[in-house]
Amino acid sequence: MKKAIRYIGYTFRDCYRAFPKFFLMSFGLDFVGIFVSLLAPILLARILELAGSGADKTDGFGVKSALYWAIALYGLCLACAPVTEVVFRAQSRRARILGEKYFGSLLVDFSGKIRLEALENPETLDRFYRAEAGENSQFTFFEQLLLSLRSAVTGIGLMAVVGRYSPVLVVTGLFSLLPSLLSKIYFEKRLTALRRSQSGILRRCNYLRGLFSRRDSVREMRVLGLEAYLTKLWERANGQRAEEYYRTNLDVGKKQVYGIIVINLCYVCNIGLSFYLMMQGKISVGAFAACLSAFTAYDAGMATLLQMVFQAVSTYHVVEDYYDFFRIPTETDGDAAYCPFSEKIEARDVHFCYSGSRAEALRGLTCEIEKGEHVVIVGENGSGKTTFAKLLTGAYLPAQGGIFYDGQKTDGMIRKSLYAHISAVSQDFVHYSFSLRENVGISDPARMADTEAMEALLARVAGPDFAEELGGLDVQLGREFGGQELSGGEWQKVAVARGLWKDCEIVIFDEPTSALDPLAEYEILSKFMEMTRRKTAVIISHRVGICRLADRIIVMKDGRLAECGRHETLLAAGGEYARIWKEQAKWYQ
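Residues numbered from 1 in each chain as written. Predicted model: local features only at pLDDT ≥ 70, side-chain atom pairs only at ≥ 80, totals over all residues. Heavy atoms only, no water.

Enquirer: Break down the sheet that holds strand β1 (residues 344-352) for me, with residues and values.
Expert: Ordered by their spatial adjacency, four strands build an open sheet running β2-β1-β4-β5, and the pairing between neighbours is antiparallel. Here the strands that pair on one side only, and so sit at the sheet edges, are β2 (362-370) and β5 (408-409). As paired elements, strand β4 (residues 400-405) and β5 share two bridges and run antiparallel to each other. The residue bridging Y405 from the neighbouring strand is Q408, located in β5. Contacting β1, β2 and β4, helix α12 (residues 385-392) crosses the sheet at an angle of about 60 degrees to β2. (Pairing = 2+ DSSP bridges. Helix = DSSP H or I, 4+ residues; strand = E, 2+ residues; numbered from the N terminus. Contact = heavy atoms within 4.5 Å. Axes fitted to C-alpha atoms, helices over the stretch in contact; angles between N-to-C directions.)

Printed below as a string of structure tokens:
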């Protein structure tokens, strides 16, 4: 309950921040709506009482004038509801757009702060999926809360009007509400539990469906004949999801009928009881008309209230998923700004384990990289090379031990101050559907307009005619928006240029040239060595050919340091490096 109250408070706070004018106007319109709903049955009773007292025989400002005024006010009450509804709906469209922008920006901003370790956990991805689904639900929830509040207050007021004539009618009116209200809340919990339990299978359905719209996966499935198998997987997952929803909704729908029956029976009983009291002379004809009007409005109001409560409870759980997302661990900052190191980077007894994995990726790794060195890290797949690169950038933090820059530990640094001095190109780099200029310049937007420098960089990395053959720096890349698609090797060259465009003292390359043939890879990495001559450069590679140009080679095995030294020394030692070198040399014999 405390959590619900807190999240409702968050919703009102954020809705006020997103659309303050509409927020305040909504409460004003609600007040008008409640006042009119309560006034209408009283005016109707007054009209009937005045008409029955012989208003047509009275002149001046007596009963006849009072009757006319009552009729006029009653007409205004009837006209007020549709007018306020039109005003509300007209303003709500703009408010919804403002809300989508505000709540979407909160989600995007927070997503960029989540710890990368958390993103390795499938549960985090499920929570992100649910949060995206709830991104635009706050406005709907706000509307439902207001309508529920209006219906509840109006219902209480109408019962107070009826209670003037007979307290018994109040009891029967309230009794009609409870069964349906309780059943709706109960079954909404069931539906919410089902929706949350299906987050994983929904993501799987979307993933499988997405395979049929991605170029690479479509090409492979056609060549290998995978369409039928993948279609069956999607049909099976989607069928399971649909069947669970069908069974639950069918059961909920059947039992909700009981609540509707109770409401209607109580409505008929209330009208019958009011008629009986009139026939017994305990209430007047005007009072009976007022009760009839009040019960009609009450019945409609309670139906709206129950529907709004049901929808609000359902929407609340979506809103809850949205706000729960903001409880995911975010990147933690230290107190100290990064100070450019002058001596060395050290890994001291570093341990690291990915979420959901029992085996450690790094198991007590200890090594060092001196300032200005060009270091190549090699090792078999699974040896921990990429994990070590992630820890060097500060994007991941060790579970034990630490990464130190001249004794300054990464987990004690203000992370952005470290990122500002590091550039990295990973093996799973992003293909941005932007222009060539943006694809390269995004790593340092302040220099993006420097055409001469960018063309010179691309010429060194990808060849003198690369940009010109594509159509210039401003050509759109990627077919998603009608641009030019590149080959895997061309995309890698663009990614390498992006990493070098950011002018910083530390550059980390994590197998960014794996899609290139060995000769092209050697050529690019050789240029990289030259272009980063006065920088500290770390290259992670599964090929050892480039190691001859390195100042130092770090050989990793099973998450630990196996060997460290120069090419000639390690080759002569006959250890792990020599074994890898000889194995790869067989490819070219």
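Enquirer: I'd like a rundown of the sheet that holds strand β7 (residues 506-510), residues and numbers included.
Expert: Two pairing modes exist for strands in a sheet, parallel and antiparallel, and in both the strands are linked by backbone hydrogen bonds. Read across the open sheet, the six strands follow the order β6-β7-β8-β3-β9-β10; overall the sheet is mixed. The open sheet has two free edges, formed respectively by β6 (422-425) and β10 (560-565), since each of these has just one partner strand. Strand-to-strand twist in this sheet, taken as the mean axis angle between neighbours without regard to direction, amounts to 15 degrees. Pairing between strand β3 (residues 374-378) and strand β9 (residues 552-557): four bridges, direction parallel.

Enquirer: Go over the nonpolar core with me, naming the residues and quoting the values.
Expert: Inside soluble globular proteins, nonpolar side chains tend to come together where they are buried. Ranked by internal contacts, the top residues of the largest apolar core, which has 44 residues, are L436, V440, L458 and F509. Among the nonpolar cores identified, the runner-up in size contains 31 residues, and Y338, A361, I369 and V375 belong to it. (Core = buried A, V, L, I, M, F, W, Y, C linked by side-chain atoms within 4.5 Å. Buried < 20%, exposed > 50% of the residue type's maximum accessible area, 1.4 Å probe, protein only.)

Enquirer: So what's going on with the pairing of β4? Residues and values would help.
Expert: Every other side chain in a regular strand lies on the same face of the sheet, so the side chains alternate between the two faces. Taken together, the five bridges between β1 and β4 define a ladder with antiparallel strand orientation. Its bridge partner lying in β4, I345 is registered against Y405. Here β4 hands over to β5 after two residues, with D406 in that stretch at a positive phi of 50 degrees.

Enquirer: Talk me through the side chain of T124; I want residue IDs and the actual numbers.
Expert: Its location among the elements puts T124 in helix α4 (residues 122-133). T124 sits in the buried class, given a relative accessible area of 8%. Excluding residues that lie within four positions of it along the chain, T124 makes contacts with A118, L119 and I328.

Enquirer: Explain a nonpolar patch on the surface to me, using residue names and the numbers behind them.
Expert: A cluster of nonpolar side chains, contributed by F27, L149 and V153, occupies part of the molecular surface with about 230 Å² of accessible area. Position of V153 relative to the elements: it lies in helix α5 (residues 137-163). For V153, a relative accessible area of 33% corresponds to the partly exposed category. (Patch = residues over 30% accessible without salt bridge, like charges linked within 9 Å, V, L, I, M, F, W, Y side chains within 5 Å. Areas by Shrake-Rupley, 256 points an atom, 1.4 Å probe, with all protein chains shown as cover. Salt bridge = Lys/Arg side-chain N within 4 Å of Asp/Glu carboxyl O.)

Enquirer: Help me get a handle on the packing of aromatic side chains, residues and values and all.
Expert: All told, the structure shown has 32 aromatic pairs when counted by the stated rule. Measuring from ring centre to ring centre gives 5.5 Å for Y7 and Y323, while their planes differ by 40 degrees; the resulting arrangement is tilted. With Y7 in helix α1 (residues 2-18) and Y323 in helix α11 (residues 285-325), the pair connects residues that are 316 residues apart, well separated along the chain. For Y7, a relative accessible area of 2% gives the class buried. Taking relative accessible area as the criterion, Y323 reaches 7% and is therefore assigned buried. Connected via pairs of aromatic rings, a cluster forms that spans Y7, Y10, Y102, F103, F110, F128, Y322, Y323, F325 and F326. (Phe/Tyr/Trp six-rings, centres within 6.5 Å; stacked < 30°, edge-to-face > 60°.)

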